[in-house]
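Coordinate inspection notes
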Amino acid sequence: MPPAIETRNLTKVYRSGRFSRPVKALDSLNLRVEPGEIFGFLGANGAGKTTTIKLLLRLSFPTSGEAYLLGHKIPHTASRARIGYLPENPYFYDYATPEELLNLYADIFGMPKDLRERRIGETLERVRMTQWRKTPLRNFSKGMVQRVGVAQALLNDPDLLLLDEPTSGLDPVGRAEMRDLIQDLREQGKTVFLNSHLLSEIENICDRVAILRRGELARQGTLNELLSVFGYEVVADHAPEPLAEKLRDRGLETLHANGRMTVLLKDPGDIRPVVEQVFAHNATLLKVAPQRERLEDLFLTVEGEGETRLESGPGSANEEGP
Ligand SMILES: Nc1ncnc2c1ncn2[C@@H]1O[C@H](COP(=O)(O)OP(=O)(O)O)[C@@H](O)[C@H]1O
Ligand SMILES: [Mg+2]
């Protein structure tokens, strides 16, 4: 199967006015998203995430480079019907009801009448808005409007979804709902490309991520590949003090309070002897897990690399400004 998304040296320079300086929003982006993946596209505000989605949808024209969606070089009319898009700040006419709005989009898709009724019903069900189908949007919370936005993006049963900051502005309940929805989409085999500056979102749901820094791709890979393991953690309950002491005597970092013991190991070779001691002392083994760098740490590292480059780099880098 061809990649769901592929870009080759995709570049966008904005030239807004005659006298304003051109802005290189995207610089030779090479991205590859496999079918069925949930792909997180990460970057600080202004990094070029929205620009990338707009280029993929041909809402904006690239300065150079090319892109392929579902195996077709864009622009490609037929593959468009297989793509759903949730814009960054969707604006919907707020006197309309979800049903009216989806009918409007079905018109745009040229969906036949019998199919349309079924799809609207299914989509509203999927985003759990069926009971509100006849209520004007102006009465909805931000989370509900966002669900209508997702319904709009799902209406044509797309294979590939491009979601621009789907959880921004949502409260924790709304964010959790959006996460569940995205996970449902994964189970249906859909590909989801998700822009976000919210690291926890990405960390919780994405298979692979890319980090964009001022228009340049700084990292791309699975979270396992990108986040290094710096140690291992063994946690046990009902641990007697002599057990903790024994491990401390061996020079292992051991925390012990109210029977709960946490041992932090650098060497994976220590896991087995520690676990054996846990069993030997009749303690309850709760957890053996790698300790990974957090996505937030990686993100700050990447941003830091950018700062260093700006400070020490040649004149051209300095001209870009922070
Ligand atoms: N239409 C435009 N005209 C000029 N500059 C733009 C335009 N759209 C975006 N930019 C600039 O391009 C850069 C990337 O913006 P954007 O893609 O919106 O970033 P993100 O979505 O990652 O926050 C920013 O510096 C932004 O100011
Ligand atoms: Mg954006």
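Residues numbered from 1 in each chain as written. Chains lettered and ligands numbered in written order. Predicted model: local features only at pLDDT ≥ 70, side-chain atom pairs only at ≥ 80, totals over all residues.

Once that is clear, we can look at the domain arrangement of the protein. When the domains of the protein are assigned, the result is domain 1 (5-226) and domain 2 (229-292). Summarising the inter-unit geometry, the C-alpha centres of domain 1 and domain 2 are found 44 Å apart. (Domains from an automatic or database assignment.)

What follows is about the sheet that holds strand β12 (residues 253-257). In space, the four strands of this open sheet follow the order β12-β13-β11-β14, with antiparallel pairing throughout. Edge positions in the open sheet fall to β12 and β14 (284-292), since each of these has one partner strand only. Neighbour to neighbour, the strand axes of the sheet diverge by 15 degrees on average, direction disregarded. When strand β11 (residues 229-237) meets strand β13 (residues 260-265), the two strands line up antiparallel, connected through five bridges. Paired with V234 across the two strands is V263, which belongs to β13. Packed on one face of the sheet, helix α9 (residues 241-249) meets β12 and β13 and runs near 165 degrees to β12. Docked against the sheet, helix α10 (residues 271-280) engages β11, β13 and β14, running at close to 5 degrees with respect to β11. (Pairing = 2+ DSSP bridges. Helix = DSSP H or I, 4+ residues; strand = E, 2+ residues; numbered from the N terminus. Axes fitted to C-alpha atoms, helices over the stretch in contact; angles between N-to-C directions. Contact = placed C-beta atoms within 7 Å.)

In the region of ligand 1, the neighbouring residues are Y14, S16, V23, A25, G43, N45, G46, A47, G48, K49, T50 and T51. Those elements that provide at least two residues to the shell around ligand 1 are β2 (23-33) and α1 (49-56). Considering every element that reaches the shell around ligand 1, the biggest residue donor is α1, with three residues. Residue composition of the shell around ligand 1, grouped by class: four nonpolar, seven polar and one charged. (Near = placed C-beta within 6 Å. Nonpolar A, V, L, I, M, F, W, Y, C, P; charged D, E, K, R; others polar.)

A few words on the environment of V145. Relative to the helices and strands, V145 resides in helix α5 (residues 142-154). Separated by 55 residues in sequence, V145 and P90 place their C-alpha atoms 8.6 Å apart. With residues near it in sequence (within four places) discarded, V145 still touches F92, L137 and F140.

Glancing now at the environment of G71. Residue position: G71 is located in the loop between β4 (64-69) and β5 (72-73). Given 13 C-beta atoms within 10 Å, G71 falls into the partly exposed group. (Buried ≥ 20, exposed ≤ 12 C-beta atoms within 10 Å, placed from the backbone.)

So, about the sheet that holds β5. In space, the four strands of this open sheet follow the order β2-β1-β4-β5, with antiparallel pairing throughout. Of all the strands in the sheet, the pair left with one neighbour each is β2 and β5. When strand β1 (residues 5-14) meets β4, the two strands line up antiparallel, connected through five bridges. Pairing of T11 across the sheet is with S64, part of β4.

Let's shift gears to unusual backbone geometry. Note that the residue after I74, namely P75, is joined by a cis bond; omega there is 0 degrees. Mapped onto the elements of the fold, P75 is located in the loop between β5 and α2 (77-80). In this structure, E165 is a non-glycine residue whose phi angle is positive, near 50 degrees. Relative to the assigned elements, E165 resides in the loop between β7 (160-164) and α6 (172-187). The class for E165 is buried, based on 22 C-beta atoms found within 10 Å. We note that N258 has phi near 50 degrees; this positive angle belongs to a residue other than glycine. Mapping N258 onto the fold places it in the loop between β12 and β13.

What follows deals with the nonpolar core. Counting residues in hydrophobic clusters, the biggest one holds 59 residues, and the most contacted among them are A151, L162, V192 and F193. A per-element tally of this core places α5 first, with six residues. Contacts of A151, omitting those with residues within four sequence positions, involve P98, L102, T123, L124, V127 and M129. The next biggest cluster of nonpolar side chains, apart from the first, holds 12 residues, and it includes A236, A244, L247 and A283. (Core = buried A, V, L, I, M, F, W, Y, C linked by C-beta atoms within 7 Å.)

As a packed pair, α5 and α6 sit with axes 10 Å apart at the nearest point and diverge in direction by 20 degrees. When the interaxial angle is binned, α5 and α6 end up roughly parallel. As α5 runs across α6, the sense of the crossing is right-handed. In contact with G143, Q146 and V150 of α5, α6 contributes V173, G174, E177 and L181. (Parallel < 35°, antiparallel > 145°, perpendicular 65-115°, else oblique. Left-handed = near helix turned anticlockwise from the far one by under 90°.)

Let us look at the confidence of the model for the protein. When pLDDT drops low, the exact placement of atoms in the prediction is not to be read closely. Per-residue confidence for the protein gives a mean pLDDT of 90, with 95% of residues at or over 70. Note on residues 315-322: pLDDT is under 50 here. Beyond four places in sequence and across chains, it has six contacts. (pLDDT = per-residue confidence, 0-100.)

With that out of the way, let us pick up helix α4 (residues 113-126). Residues spaced three or four apart along an α-helix face the same direction, because each turn holds 3.6 residues. Between its terminal C-alpha atoms α4 stretches 20 Å, which fits the 20 Å expected from 14 residues at 1.5 Å a residue. Within the span of α4, buried status applies to R119, I120, T123 and L124. Looking down the long axis of α4, one finds its buried residues gathered within 125 degrees of arc, a one-sided arrangement. α4 presents D114, R118 and E125 as exposed residues on the side facing more than 90 degrees away from its buried surface. (Expected span 1.5 Å × (residues − 1). Arc of directions from axis to C-beta.)

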